[in-house]
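# Chains, contacts and geometry: an overview
Chain by chain, the residues run as shown.
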Amino acid sequence: MKWFIAELRRRRVFATVSIYVIAVWLLMQIADVLFPGWGIPEERIRYLFYAAIACFPFACLVGWKYDISLHGLERTSTVAQGKTGTPLAKSDHLILAGIFLATISILTGFGLKIISGRTLETDFVIPHSVAVLPLTNLSEEESNEYFSTGLWHLMIDALGHIQGFQVTPTTSAGYFRDRELDLDDIKRKLLVANVITGSVQKAANRVRITLSLTDTRNGSNLWSQSYDRHLGDIFTIQSDIAHSVAQAMKVTILGQEEQRLQTAPTNNVDALDLLMLANEADSFERGLELIDRAITLDPNYADAHLARAMKYLGWIGRAGGPDIGQALEVCDNSIQTAGGLLRDPDVTSARYNWVKAVCFRRMAWAGRGSPEMEREMEAAFKRATEINPSNSAPHISYSIYLRRENRLREAEDQIRQALEIDRLYRSAMLQLARVLSLQGKDAESIEWNERVTGLFDNGYGQLARLHASLGRYDLAIEALVRAPSLEQVTWASGGLSIRDGLFSNLWALRQPKAANQYKTAKNAGEPGGGLDPAWALARQGRYEQAFRLAKDVVDRSGTTAWYVLNEPAELALLAGRFGDAISIYEVAFPSLADSIRPDVNLNIARDALHLAHALQLSGDRGRAAVLFGRLLDVMEGRRNVGFENKGIMDACIYASLGDSQKALAALRTAIDAGWVGLYDNHMMSPPIMLEALAGNPEYEAMVAEIDRQLEIQFQRIEPILPAARGDQ
């Protein structure tokens, strides 16, 4: 035996086998990645393993009999010492030819088995997947649409908690509302194997539900059923539907899932009906009234308490919505109440975890959180996705937090997980495009945004900003002109400062509406779009009045969220209130207050630039120099910084530092790259940070060149300006 092992070593059989095993392992890893994209089921990878086992003896035989030297393939010497390999004889060629043919035969056989499992791209579906399309309301009263919508949500939620299913969320299934049923289109867009269609008819205390389960690949009906019951049996019907669908799709419902199906969230059908109505309410007051009535009917209705929390959160910053302090307090109390009503909610309720996480996120943004709260928030987001894998909302909510924390790769991962579940989730696609842009993945970012414009005729504002960030201003203008509504255009502010703000902030053109917007802002508590009137005043050069208006709105909101405070801070800078600007920025960004090594990231680069300029103008040149230096380090090697052009930011930094040569060179670089807006709409045009260059002949020539290019762009957008102004 010792001789045999020694001979294996001498003939390098162990080395040959090691190389063979590593090669097979690498091949299987590559197949694991590529097979799904080629429409080959992952389970077919096992045939690669079988082929590798079948060919293993040939590898051992080649390793035993042959060796590779400088002279090519040789027969291994049979003498342990003193001789090199000998040339191949005729018999060796025959042996190698036989091995080659046998290997080809084995690989062909297993290859055919692999390919036989391949489906065309249009036929590939996710196993055990199902989409529940919006249910048709057949009730005599059109006002009962809320009930069919609510029942549709309940069905998706019930099926989504069953681990054996992959259920398409409402955000993607809703894409097919009011569209003609096209199984091929549904299969291609959602990759689902099955689809449930049906109708609901509600009259008095009776409900009739008719459903059908269809295989999207061949159109065969797998199951159909009608339920004509009392409204009080609605949760029993829901359980029956889940069992029938599971049986038809050969999915096993586990014990904990069975218990969930058998446990009704409320025994009061009127409370359920009120909650469904509240979900469709178009005002905060009406929605809250309906939820409170539901809670009065059933104080133990945990879902109603969670809905109350989400109603407050969803209306912060909107006309008629609550004050942020009141909203967060109510939200926290409602979550605690719901938690007390649910059995072990942290491990059993996806909705509880999601609502809690969203509330904690809002608290953190308002400066009312803590490190412990943020850790619990992240844990709650993760638990929500584990409890209900078919729910994409927690992934997106979590990604927004991660993006604002500059954890861009993690944010991208969360969004991609959401899109694997929710393939037609428009907001997720736009979020992904934005996160990819922040990471410099420009081509993929625009590709995702173009998907939104193609599927939904939406997203043109963000697409314009993405093109503008790359200096593609013709494409940016083209995207905005394609937009079907003004609302999509007004958000395209970054990087498109078109002559006196005529395009970069079209709301500023609607001067008659400024007073109404101010009222909206004062009523909203926390400003959302409520700061637009302040910018309308700034466009007129009334910086002091604009600053006071913005500060009044923000002070009453009580917020410390940086993405709100930075707006009055910018207006303070424009008004020459450098001390006020510095104070506000340091509240919004405590990390920037460090005079030794301020923590600057790409998400807040523009705000850091404004703070540094305010410090410079206030006389604190030491801190300004440190902050400018950190900015230059962070932006090193980048073409753009978020939606901002790096060349113009460099120009502003060097102009503020008094280095006119570097400032002019950076500005020249930006113009040559196609950038023609002077900084962004918030800091006006030209930006105050370039004031130090005023009077320089080279700078004035560049400004004239920019004006000529702006005139060309203005001519392209002039046809849509009447609509922008609200002209009749």
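Structural notes, computed from the coordinates. (Residues numbered from 1 in each chain as written. Predicted model: local features only at pLDDT ≥ 70, side-chain atom pairs only at ≥ 80, totals over all residues. Heavy atoms only, no water.)

## Quick word on the pattern of salt bridges
The final tally for this structure, using the stated rule, is 29 salt bridges. The salt bridge partner of Arg208 is Asp228, with a shortest N-O separation of 3.7 Å. Pair noted here: Arg208 is in strand 7 (residues 206-215) and Asp228 is in strand 8 (residues 221-230), with a separation of 20 residues, a long-range link. Judged by its relative accessible area of 37%, Arg208 is partly exposed. Judged by relative accessible area, which is 44%, Asp228 ranks as partly exposed. Between Glu289 and Arg286 there is a salt bridge, and its shortest N-O distance comes to 3.5 Å. (Salt bridge = Lys/Arg side-chain N within 4 Å of Asp/Glu carboxyl O. Helix = DSSP H or I, 4+ residues; strand = E, 2+ residues; numbered from the N terminus. Buried < 20%, exposed > 50% of the residue type's maximum accessible area, 1.4 Å probe, protein only.)

## Thoughts on empty space enclosed by the protein
Overall, the coordinates contain three cavities of 30 Å³ or more when judged by the stated rule. Of the voids in this model, the largest cavity is the one considered here, and its volume is about 50 Å³. Lining of the largest cavity is provided by Ile126, Ser129, Gln166, Val167, Thr168, Leu190, Val192, Glu420, Ile421 and Arg423. For the lining of the largest cavity, the secondary structure elements donating two or more residues are strand 3 (126-132), strand 5 (166-167) and helix 18 (408-421). Across the lining of the largest cavity, the residue classes break down as five nonpolar, three polar and two charged. (1 Å grid on protein atoms, 1.4 Å probe; cavity = no way out; pocket = protein on both sides within 12 Å on 5 of 7 lines; lining within 4 Å. Points joined across faces, edges and corners; volume = space filled by probe spheres on them. Nonpolar A, V, L, I, M, F, W, Y, C, P; charged D, E, K, R; others polar.)

## Overview of helix 5 (residues 145-160)
Between its terminal C-alpha atoms helix 5 stretches 23 Å, which fits the 22 Å expected from 16 residues at 1.5 Å a residue. Across the 16 residues that make up helix 5, a large majority, 13, are buried. (Expected span 1.5 Å × (residues − 1).)

## What to know about unusual backbone geometry
Positive phi, normally seen in glycine, also occurs at His128, with a value near 55 degrees. The residue His128 is located in strand 3 in this model. Judged by its relative accessible area of 36%, His128 is partly exposed. Despite not being glycine, Ala204 has its phi angle at roughly 55 degrees, a positive value. With respect to the helices and strands, the residue Ala204 is situated in the loop between strand 6 (192-203) and strand 7. On the basis of relative accessible area, Ala204 is assigned to the exposed category, the value being 69%.

## Section: the environment of Asn333
When you line up the elements, Asn333 lands in helix 13 (residues 324-341). On the accessibility criterion, Asn333 (42% relative accessible area) is partly exposed. Placed 24 residues apart in sequence, Asn333 and Ala309 show a C-alpha to C-alpha distance of 8.3 Å.

## As for the environment of Asn279
Relative to the helices and strands, Asn279 resides in helix 10 (residues 269-279). By relative accessible area, Asn279 is classed as exposed at 53%. Each C-alpha atom of the pair Asn279 and Ile291 lies 8.9 Å from the other, and the pair is 12 residues apart in sequence.

## A short note on the packing of aromatic side chains
Applying the stated criterion across every chain, the model contains seven aromatic pairs. With a centroid separation of 5.1 Å and an interplanar angle of 85 degrees, the aromatic rings of Tyr175 and Phe176 are classed as edge-to-face. The buried category is assigned to Phe176, whose relative accessible area is 7%. An aromatic cluster of three or more residues is present, and its members are Tyr175, Phe176 and Phe456. Its guanidinium or amino end placed over the ring of Tyr175, Arg179 lies 4.0 Å from that ring's centre, counting from NZ or CZ. (Phe/Tyr/Trp six-rings, centres within 6.5 Å; stacked < 30°, edge-to-face > 60°. Lys NZ or Arg CZ within 6 Å of the ring centre and 35° of its normal.)

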